[in-house]
Amino acid sequence: MSNSVDTAVQLADLSATTLLRFATAGSVDDGKSTLVGRLLHDSKSVLTDQLEAVEAASLKRGQEAPDLALLTDGLRAEREQGITIDVAYRYFATPRRRFILADTPGHVQYTRNMVTGASTADLAVVLVDARNGVIEQTRRHAAVAALLRVPHVVLAVNKMDLVAYEEKVFAKIAEEFTAYAGELGVPEITAIPISALAGDNVVEPSANMDWYGGPTVLEHLETVPVSHDLTSCHARLPVQYVIRPQTAELPDYRGYAGQIAAGTFRVGEPVTVLPSGRTSRIAGIDLLGESVDIAWTPQSVTLLLEDDIDISRGDLIVPSGDAPATTQDVEATVCHVADQPLTVGQRVLLKHTTRTVKAIVKEIPSRLTLDDLSQHPAPGRLVANDIGRVKVRTAEPLALDSYADSRRTGSFLLIDPADGTTLAAGMAGESFATSEVLNSVEDESGWDF
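Let me sum up the structure you'll find in this document. In this text, all values refer to a predicted model and were calculated from it rather than measured experimentally.

It is worth spelling out the pattern of salt bridges at this point. A complete count under the given rule lists 11 salt bridges for this structure. Between E331 and R389 there is a salt bridge, with the nearest N and O atoms lying 3.7 Å from each other. In this pair, E331 sits in strand β17 (residues 327–336) while R389 sits in strand β23 (residues 387–398), placing the two residues 58 residues apart along the sequence. Relative accessible area serves as the criterion here: at 34%, E331 is assigned to the partly exposed category.

Next comes the structure, spelled out in C-alpha cells:
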C-alpha cells in the first residue's frame, strides 16, 4: 500500500515539474551518445535490465567497462560502426524537471536529422572535441540551431581528459564558438568543459577542473528558464477535419477540428478563415466531448461558427483582428535534407500546417558559406545539407507567419510530388535573429544572412 502511495506522490510531483525538450549535436566521435548515456546513467534514469544489456553488449565487444553510448545507439548499424545514424529520442526525469532529449547524428551525411531533432527543442547541446576545436560541422550545427530559433545553446567541450584538463584549451574554444554563434543571433550560449567518458561536469562537478565554477550539464538543464506559454501568441487553428455527424441527435452539427497551433480562442470572438478571407464568429468550442468557453494551445478542439462557410482541411482559422497576410510568393530559408538537389524551376509540393499546395521554385538567390557566414550568390541549386534562400511561387494562396513569430505556422516542407520525399525544411521570413549580420553581408544579390 505504501509503495502505491509513494508512486502516486512521485507522479504528482513530476506532473508539477516543467518539461525541457533538448537536442544534442556534434561531429562524429565527439561523444554525443556517451554524454547522453552518462547523463541517463548518473541521474539514475536507466532501468536495471537496460544497463545489464549494455554491459553484456560491451563485454561481447571486448570492453571491460560498459559503453554508455549503447544506451542511445539502438540500431545495429550504429553499434557496428560506432556512430549515430537516426535521431534517438529518450525521456527521463529528475525531481526538478522532466526531459525529452533527441540525440542527433554527427556525420555530415545525417545533418538533416538534426533539423528534425532540434525543430521543437528549447535547448541544443553542441559538443566539441577539445582536441579538434570548432570545425565546419560545429559551425553547421550552430547555424541550424540559430535558424530554428532554439533559444538556448550549450557548448559542451568534451574529452577534456585528453588535453590534461587545460583551462586555456577550453577558453580558446569557448571564445571562438561564442563569437560565431553570437553573430548568428543565438540569444544565450553557455560553455561547459566536460569529459563524458569519465563523468566530469556531466552530473557531478569535476575534481579535475577546479578552475571552472559554472554549472554541470545536468544542473544547467534543470535550471535554464523555459517558457511554453504560447497562449499570448497569434492565435492560429489549422483545420484538420470537418465534422458532420448528420445523425438524428445532431442533424445540423458542423464543426472544424484541429490542434490549436498558438494563442487562445473564445466563444463569441470574431474570426477569419484563410485563405478565403470569409468572416464569422465562434458559436461554440468542443473539447473532449464537453463545451467550453475558452481553449488554448496545444489543445485539440472543435470550433463551431455562427455562419455556414465553405471550410475544408488546410484552411486556417484566426482572430479577425490578427490575421496574417496571404501570399503566393514565399521567400524563406531552407535546410536541404534530400539526396537529390533542389533546382530552379523544379515543381514541388509545399506543406504548411495541414495544407499542401503545388509550387515551383522560382529562384535560389544564395547559399550560406558556413566558414565566414558570407554568401554564395545564385548557386542555381541546393544539395544535401546546404542552407540557402529560396523564392517559391505557390498555386494557391498561403497564410504564413514569420518563423520568428511562430515556429509552428512559420515553417513548411518542400516535397517531391513524384514519390513524397521531403526535399527541404523551410522557415519563412528573415534568416537569423540579428541585424548586425544582415547589414554586414547584404549586397545587391538580395541575400539576407
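A cluster of acidic residues, D252, E306, D307 and D308, forms a negative patch at the surface. Note that D308 resides in the loop between β15 (300–305) and β16 (316–319).

A few words on empty space enclosed by the protein. This structure, assessed with the given rule, holds two cavities of 30 Å³ or more. The calculated volume of the largest cavity comes to roughly 80 Å³.

Our focus in this paragraph is the sheet that holds strand β6 (residues 188–193). One open sheet accounts for six strands, arranged β2-β3-β1-β4-β5-β6; its pairing is mixed. The open sheet has two free edges, formed respectively by β2 (88–93) and β6, since each of these has just one partner strand. Averaged over neighbouring strand pairs, the angle between their axes works out to 20° when direction is ignored. Sheet analysis places strand β4 (residues 123–129) next to strand β5 (residues 152–158), joined by seven bridges and oriented parallel. Following the sheet pairing, V125 is matched in β5 by V154. The strands touched by helix α6 (residues 136–147) are β1 (18–26), β4 and β5; relative to β4, the strand with the most contacts, the crossing angle is about 170°.

Note the cis peptide between L274 and P275, where omega equals 15°. Along the chain, P275 turns up in the loop between β11 (270–274) and β12 (278–287). The amide bond that connects T297 to the next residue, P298, takes the cis arrangement and shows omega of 5°. Not every positive phi belongs to a glycine, and T353 is a case in point at roughly 50°. Tracing the backbone shows T353 in the loop between β19 (347–352) and β20 (355–369).

Conventions used here
Residues numbered from 1 in each chain as written. Predicted model: local features only at pLDDT ≥ 70, side-chain atom pairs only at ≥ 80, totals over all residues. Heavy atoms only, no water. Salt bridge = Lys/Arg side-chain N within 4 Å of Asp/Glu carboxyl O. Helix = DSSP H or I, 4+ residues; strand = E, 2+ residues; numbered from the N terminus. Buried < 20%, exposed > 50% of the residue type's maximum accessible area, 1.4 Å probe, protein only. Patch = residues over 30% accessible without salt bridge, like charges linked within 9 Å, V, L, I, M, F, W, Y side chains within 5 Å. Areas by Shrake-Rupley, 256 points an atom, 1.4 Å probe, with all protein chains shown as cover. Lys, Arg positive; Asp, Glu negative; His and termini not counted. Charge placed at Lys NZ, Arg CZ, Asp CG, Glu CD. 1 Å grid on protein atoms, 1.4 Å probe; cavity = no way out; pocket = protein on both sides within 12 Å on 5 of 7 lines; lining within 4 Å. Points joined across faces, edges and corners; volume = space filled by probe spheres on them. Pairing = 2+ DSSP bridges. Axes fitted to C-alpha atoms, helices over the stretch in contact; angles between N-to-C directions. Contact = heavy atoms within 4.5 Å.

What is shown is where atoms sit, not what they do.
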